[in-house]
Amino acid sequence: MASEDLFKKIIAHAKEYGFIFPSSEIYDGLGAVYDYGQNGVELKNNIKNYWWSAMVKLNEEIVGLDSAIFMHPTVWKASGHVNAFNDPLIDNKDSKKRYRADVLIEDHRAKIQAKIDKEVEKAKAKFGDTFDEAQFLATNQRVLENQAKIDALNKRFVSALETDNLEELKQIIIDCEIVCPISGSKNWTDVRQFNLMFDTKIGSLSDDANVIYLRPETAQGIFVNYLNVQKTGRMKIPFGIAQIGKAFRNEIVARQFIFRMREFEQMEMQYFVKPGDEMHWYEKWKATRMKWHKALGLGENKYRFHNHDKLAHYANAAADVEFEFPFGFKELEGIHSRTDFDLKNHQEFSGKKLQYFDNEANESYVPYVVETSIGLDRMFLAVLSSAYFEETLTKEDGTTDQRVVLRIPPQLAPVKVAVLPLMKKDGLPEMAREIMKELQFDFNCQYEEKDTIGRRYRRHDAIGTPFCITIDHQSLEDKTVTIRYRDTMEQERVEIKKLPEIIDGLVSFKNLLKKL
Ligand code: ATP
């Protein structure tokens, strides 16, 4: 299936099955804002739980925080966001569509890279086991030409970004003959800077002094509280503070469903370290976070690191964990070595000392910070898009049937168990209710008695329920039920009393967290 079609199907499926709705849909929606439905909120909570447990529960030196969305406006001057939290935008005069200039160039570069990848694939298929990829990349004429194009483009691009040279960004777009995907024309405006922060007013007066911002990242709430936490929690460096919360950005281009939203959620952890130790911790957190991702089993090859071309105004090293979404490899999480940029600036702007006294070294210093920052909604999309499968099943009589199944990791699945009486009579519903009553203390269960059993299975496949339990007449006699497994569709007869153990084996976070 073409990846564009797949993406459309996933979006439609997310709506049809109560995962994600466009915000204010009855008023035709609001750009890049979404609501999570009854299944979406469960999946989202489970992702949060996995992250929070891995950070706060499993690390003695990491604690949580929940800071406010509104902050003193000077916070955003100190952090650099008022002056530097900009994206370069460009409009196509024919389609009137707005783009991020840097994204247009990156997409162009990805197209050249795709040509190289295609050559490699072709050669691999041709030469089989004897294929030497490194040698091919170093000698094939077409690959070399394309690689030279990428290198030349990178050089100009990085330098333009580093010097905020907007004319040069436009020139690159012209020289690369980049066209608007909608109008197909090269009729571009100049590139302008656009600040991504939303502002609003606090209090009843409406002069400028009362302008405040909706936070564009959760991190600053951690920075301004770091000494509160350190002192009250008697934390010793290195230590971390973790937070999950909403962030807001007035994104220029917002066409990729929940990948790029104007209101979204971040899961961030700031790790405070001794100056000089930051590279050690940066590497450590890169590895730790990759392990967290891979433990979920969404696919080993779906992840890669991408080192930043242009470092943000606060960083001395930065990498993204990229995930293969239906529209290609894109940033899922950022790992940044932020130096002492934020704390030093807050110290300067607030006039308050933000130093830590290191007992062992007997000295005071402003700590350095390594952060891990993942978008909860992007993680949701990663899970959802890698879980979506359309399958053709051959039935016993030789006819075929279709099913859509979400192979969501069982620990994250919105509903863990469907409890299904085979018929609506003979005491089967009553027995099913009893089983449900027992299981629902530990697992999110759903009771369903309407429709044929096959249709009920399909509905639960479509929301990713790992287990369906069917109660039939035999259950009344010998206290057994059939349990059906989502992925294999295998069914087995088990004793009711064994259910908690079987279910727990697959859905418990403990087994997942033990892999970390
Ligand atoms: P991008 O380059 O895609 O705009 P970014 O580099 O600006 O992202 P960060 O500032 O590093 O992103 O934010 C950390 C994480 O927050 C990102 O890795 C991403 O998962 C998430 N995130 C950022 N912007 C958005 C958004 N508009 N919608 C959803 N998630 C977002």
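Placed above this text is the structure.
What counts, and where the lines are drawn
Residues numbered from 1 in each chain as written. Predicted model: local features only at pLDDT ≥ 70, side-chain atom pairs only at ≥ 80, totals over all residues. Heavy atoms only, no water. Helix = DSSP H or I, 4+ residues; strand = E, 2+ residues; numbered from the N terminus. Pairing = 2+ DSSP bridges. Axes fitted to C-alpha atoms, helices over the stretch in contact; angles between N-to-C directions. Near = heavy atom within 4 Å. Polar contact = N/O pair within 3.5 Å; in protein donor to acceptor, adjacent residues only side chain to side chain. Nonpolar A, V, L, I, M, F, W, Y, C, P; charged D, E, K, R; others polar. Contact = heavy atoms within 4.5 Å.

Novice: Which parts of the structure should I look at to understand unusual backbone geometry?
Specialist: Negative phi is the rule for most residues except glycine; trans is the rule for most peptide bonds. For the bond running from Ile 237 to Pro 238, omega is 5°, close enough to zero to count as cis. Within the element layout of this structure, Pro 238 appears in the loop between α9 (219-232) and β9 (239-248). Of note, the phi angle at Arg 234 is positive, near 50°, even though the residue is not glycine. Mapped onto the secondary structure, Arg 234 falls in the loop between α9 and β9. At Asp 451, a position not held by glycine, the phi torsion is positive, near 75°. Residue position: Asp 451 is located in the loop between β20 (445-447) and α14 (453-463).

Novice: Sorry, what's going on with the sheet that holds strand β5 (residues 98-100) here?
Specialist: Pairing between the strands of a sheet is mediated by backbone hydrogen bonds and can be parallel or antiparallel. The antiparallel open sheet is built from 3 strands, whose spatial order is β5-β4-β6. The open sheet has two edge strands with one neighbour each: β5 and β6 (192-195). For this sheet, the mean angle separating the axes of adjacent strands, direction not counted, is 45°.

Novice: When you look at the site of the ligand in this model, what are you seeing that I'm missing?
Specialist: Around the ligand, 16 residues are found, and the nearest of them are Glu 251, Arg 260, Met 261, Glu 331 and Leu 332. Here Leu 332 contributes a backbone N or O atom positioned 2.8 Å from an oxygen atom of the ligand. For the shell around the ligand, the secondary-structure elements that each account for two or more residues are β10 (263-273), β13 (328-339) and β16 (368-375). For the shell around the ligand, the leading source of residues is β13, giving 5 residues. Looking at the shell around the ligand residue by residue, the classes come out as 4 nonpolar, 5 polar and 7 charged.

Novice: Where do I start with the sheet that holds strand β23 (residues 491-495) in this structure?
Specialist: Strands sit in the order β20-β19-β21-β22-β23 across an open sheet of 5 strands; the sheet is mixed. Bordering the open sheet on either side are β20 and β23, each of which pairs with just one other strand. The mean angle between the axes of side-by-side strands here comes to 25°, regardless of whether they run parallel or antiparallel. Pairing between strand β22 (residues 480-485) and β23: 5 bridges, direction antiparallel. Across the sheet, Thr 482 pairs through a bridge with Arg 493, a residue of β23. Most of the contacts of helix α13 (residues 428-439) go to β20, to which it runs at about 165°, and overall it touches β19 (417-421), β20, β21 (467-471) and β22. The strands touched by α14 are β19, β20, β21, β22 and β23; relative to β19, the strand with the most contacts, the crossing angle is about 170°.

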